[in-house]
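# Observations on the model geometry
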Amino acid sequence: MHLARFPRVFAAHLPTPLERLDRLSAELGGPEIWIKRDDCTGLSTGGNKTRKLEFLMAEALAQGADMVITQGATQSNHARQTAAFAARLGLACHLLLEDRTGSNDPNYKANGNVLLDHLHGATTEKRPGGADMQAEMEAVADRLRAQGRRVYVIPGGGSNPTGALGYVNCALELLGQANDRGLAIDHIVTATGSAGTQAGLITGLCAMNAGIPLLGIGVRAPKERQEASVLALAQRTADRLGCPGVVTAADVVADCSYVGAGYGIPRADTLDAIRMFAQLEGLLLDPVYSGKAAAGLIDLCRRGVFRKGQRVVFLHTGGSAALFGYDSALGAQAA
Ligand SMILES: *Cc1c(COP(=O)(O)O)cnc(C)c1O
């Protein structure tokens, strides 16, 4: 496994910090909780998509693209990081945004990530909830190619074997940091959505024989479907890396019991987790991904699944820009 063999545009602020959360750990009274700060990757308020885009954008440049297109939900962090990365490379960026939550809140529709998409110069088109976004994107790419654009299509969440290399890299980086400070990690917890983050991480961990279990906390799909999509992508990523078969079904674990009513709809425990991280540690989570993952982490600590004496690393995947599209949900709870 030698990542330097893969084309990459270096743009993320790496390594991201690995920090101990003393006040959250004390409050929960269970394991020592550490945080891997992938909310601090640097581009346009940061987040996990920047690591994937380092490899995806290199592929776009190698193919001579002058434009990238991608898709996501209205408040997509992936779309925002793609827009920022494209701006930095002088590429045009077009985004297809799906109304996946049905929210009519004006801030949800125009503030937060949407504001930043446009600030970075991206153009956007909307699609109704439930649209086949991958097919819509291919159709738009054909339309733009017919107009003479050299289009590179990035899948939703940047989740394909190329993008997942960014999280193989994160696994390498995290293990290096843990080794350097003698931190024996018992468990890693992260949000899992389009699967590239969990798939890349588990591929890297397995390829290094790290022996650290990884738990993905789902934000959309039910457990069986989420685990199947992570496993399929991890296996393709391992093939790409030249270590086929290194990830097995037993390595891929998702807990999808914190999703609630659906993607992008926070539950009470999501909002509680956001408030706990903000008030105990001065950290910003988000209502769609990291808030749900943190709700899972907190619940598993309280239930003793993660116990005293253990060390758990929470991978913070970012997303705080979306808070400004959810002020009404957070405000209502503050009252
Ligand atoms: C996209 C995203 C995730 C999920 O990562 P996937 O690779 O899509 O599974 C988690 N957290 C945040 C903040 C995200 O934007």
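Heads up: these notes are all about the structure in this document.

### Remarks on helix 9 (residues 223-241)
Its 19 residues give helix 9 an end-to-end C-alpha distance of 26 Å, which sits within 8% of 27 Å, the value for a rise of 1.5 Å per residue. Considered for burial, the residues of helix 9 that qualify are Q226, E227, V230, L231, L233, A234, T237, A238 and L241. Once helix 9 finishes, G242 follows within two positions and takes phi at roughly 85°, a positive value.

### A few points about the packing of helix 2 (residues 49-62) against helix 3 (residues 77-89)
The contact between helix 2 and helix 3 brings their axes to 10 Å, and the two run at 45°. Looking at the two axes, helix 2 sits oblique to helix 3. Classified by chirality, the crossing of helix 3 by helix 2 is right-handed. Between helix 2 and helix 3, the contacting residues are K49, T50, L53, E54, M57 and L61 on the first element and N77, H78, Q81, T82, F85, A86 and L89 on the second. When grouped by side-chain class, the residues that make up the contact of helix 2 with helix 3 number six nonpolar, five polar and two charged.

### Some points on the site of the ligand
Contacts to the ligand come from 17 residues, most closely from K49, K52, G193, S194 and T317. Here G193 contributes a backbone N or O atom positioned 2.7 Å from an oxygen atom of the ligand. Between an oxygen atom of the ligand and a main-chain N or O atom of A195, the distance comes to 3.0 Å. Across the complex, the protein chains shield 98% of the 380 Å² of accessible surface that the ligand would expose by itself. Elements that contribute at least two residues to the shell around the ligand include exactly helix 2, strand 7 (187-192) and helix 8 (196-207). Classifying every residue of the shell around the ligand by side-chain character gives three nonpolar, eleven polar and three charged.

### Some thoughts on the layout of surface pockets
Reported here for the largest pocket is a volume of approximately 800 Å³. In terms of lining residues, the largest pocket is bounded by 42 residues, among which G156, G193, S194, A195 and R220 are the most central. Sorting the residues of the lining of the largest pocket by element identifies helix 2, strand 3 (67-73), helix 3, helix 6 (133-146), strand 7, helix 8 and helix 9 as the ones contributing at least two each. Counting residues per element, the lining of the largest pocket draws most heavily on helix 9, at six residues. Classifying every residue of the lining of the largest pocket by side-chain character gives eleven nonpolar, 22 polar and nine charged. In this structure, the second largest pocket is lined by 13 residues; those nearest its centre are T74, L97, D99, K109 and K126. For the lining of the second largest pocket, the secondary-structure elements that each account for two or more residues are strand 4 (92-99), helix 4 (106-110), helix 5 (113-119) and strand 5 (123-128). The element contributing the most residues to the lining of the second largest pocket is strand 5, with five residues. Of the residues in the lining of the second largest pocket, the class split is four nonpolar, four polar and five charged.

### Topic: the sheet that holds strand 4
As summarised here, the arrangement of the four strands in space is 5-4-3-6, forming an open sheet in which the pairing is parallel. What marks the edges here is a single partner per strand, and that holds for strand 5 and strand 6 (151-153). Geometrically, the sheet is characterised by an average inter-axis angle of 25° between neighbouring strands, direction not taken into account. By the bridge criterion, six bridges tie strand 4 to strand 5 in an arrangement that is parallel. Within the sheet, the bridge partner assigned to E98 lies in strand 5 and is R127. Against the sheet, helix 3 touches strand 3 and strand 4, its axis set at about 170° to strand 4.

### Here's the deal with the side chain of D38
Positionally, D38 belongs in the loop between strand 2 (32-37) and helix 2. Judged by its relative accessible area of 0%, D38 falls in the buried class. Among residues more than four places away in sequence, those in contact with D38 are T16, G46, G47, N48, R51, Y167, C170, L315, H316 and T317.

### Some points on the nonpolar core
Among the nonpolar cores identified, the biggest contains 37 residues, and L24, V189, F277, L297, F306 and F314 are the most heavily contacted of them. At the level of secondary structure, the elements contributing two or more residues to this core comprise helix 1 (22-28), strand 2, strand 7, strand 8 (214-218), helix 10 (268-281), helix 11 (290-302) and strand 10 (311-316). With seven residues, helix 11 is the single largest residue contributor to this core. Residue contacts for L24: discarding those within four places in its chain leaves I33, M276, F277, L280 and E281. Residues L18, W34, L175 and I188 belong to the second largest nonpolar core, which totals 27 residues.

Criteria and thresholds
- Numbers given to residues run from 1 along each chain, matching the order in which its sequence is written.
- Thresholds applied to this predicted model are a pLDDT of at least 70 for local features of residues and 80 or more for the giving and counting of side-chain atom pairs; totals over whole chains, interfaces and linings are not thresholded and use all residues.
- No hydrogens and no water enter the side-chain calculation; it runs on all heavy atoms of the structure.
- A run of DSSP states H or I qualifies as a helix once it reaches four residues; a run of E qualifies as a strand once it reaches two. Both are numbered from the N-terminal end.
- A helix is expected to span 1.5 Å for every residue after the first.
- Exposed residues in this analysis have more than 50% of their type's maximum accessible area, buried residues have under 20%, and partly exposed residues fall in between, with area computed by a 1.4 Å probe over protein chains only.
- Lines fitted to C-alpha atoms define the axes, with helix axes restricted to the stretch in contact, and inter-axis angles between N-to-C directions lie between 0 and 180 degrees.
- Relative orientations are named as follows: roughly parallel for angles under 35 degrees, roughly antiparallel for angles over 145 degrees, roughly perpendicular for angles from 65 to 115 degrees, and oblique for any other angle.
- A clockwise turn of the near helix away from the far one marks a right-handed crossing, whereas an anticlockwise turn of less than a right angle marks a left-handed crossing.
- The criterion used for residue contact is that any of the two residues' heavy atoms lie within 4.5 Å.
- For this classification, Asp, Glu, Lys and Arg are treated as charged, while Ala, Val, Leu, Ile, Met, Phe, Trp, Tyr, Cys and Pro are nonpolar and the rest, including Gly, are polar.
- It suffices for a single heavy atom of a residue to lie within 4 Å of a molecule or strand for the residue to be listed as near it.
- Here a polar contact means two N or O atoms within 3.5 Å. Within protein one must be a hydrogen donor candidate and the other an acceptor candidate, and residues neighboring in sequence count only if both atoms are side-chain atoms.
- What sets the accessible areas is the Shrake-Rupley method with a 1.4 Å probe; for residues, cover comes only from the shown protein chains.
- In the cavity and pocket records, a cavity denotes points on a 1 Å grid over the protein atoms alone where a 1.4 Å probe fits but cannot get out, a pocket denotes an open set with protein on both sides within 12 Å along at least 5 of 7 lines, and lining residues are residues with an atom within 4 Å of a point.
- Grid points are joined across faces, edges and corners, and a volume is the space filled by probe spheres set on the points.
- Strand pairing requires that DSSP identify at least two bridges connecting the strands.
- For our purposes a nonpolar core is just a set of buried Ala, Val, Leu, Ile, Met, Phe, Trp, Tyr and Cys residues, chained together by side-chain atoms within 4.5 Å.

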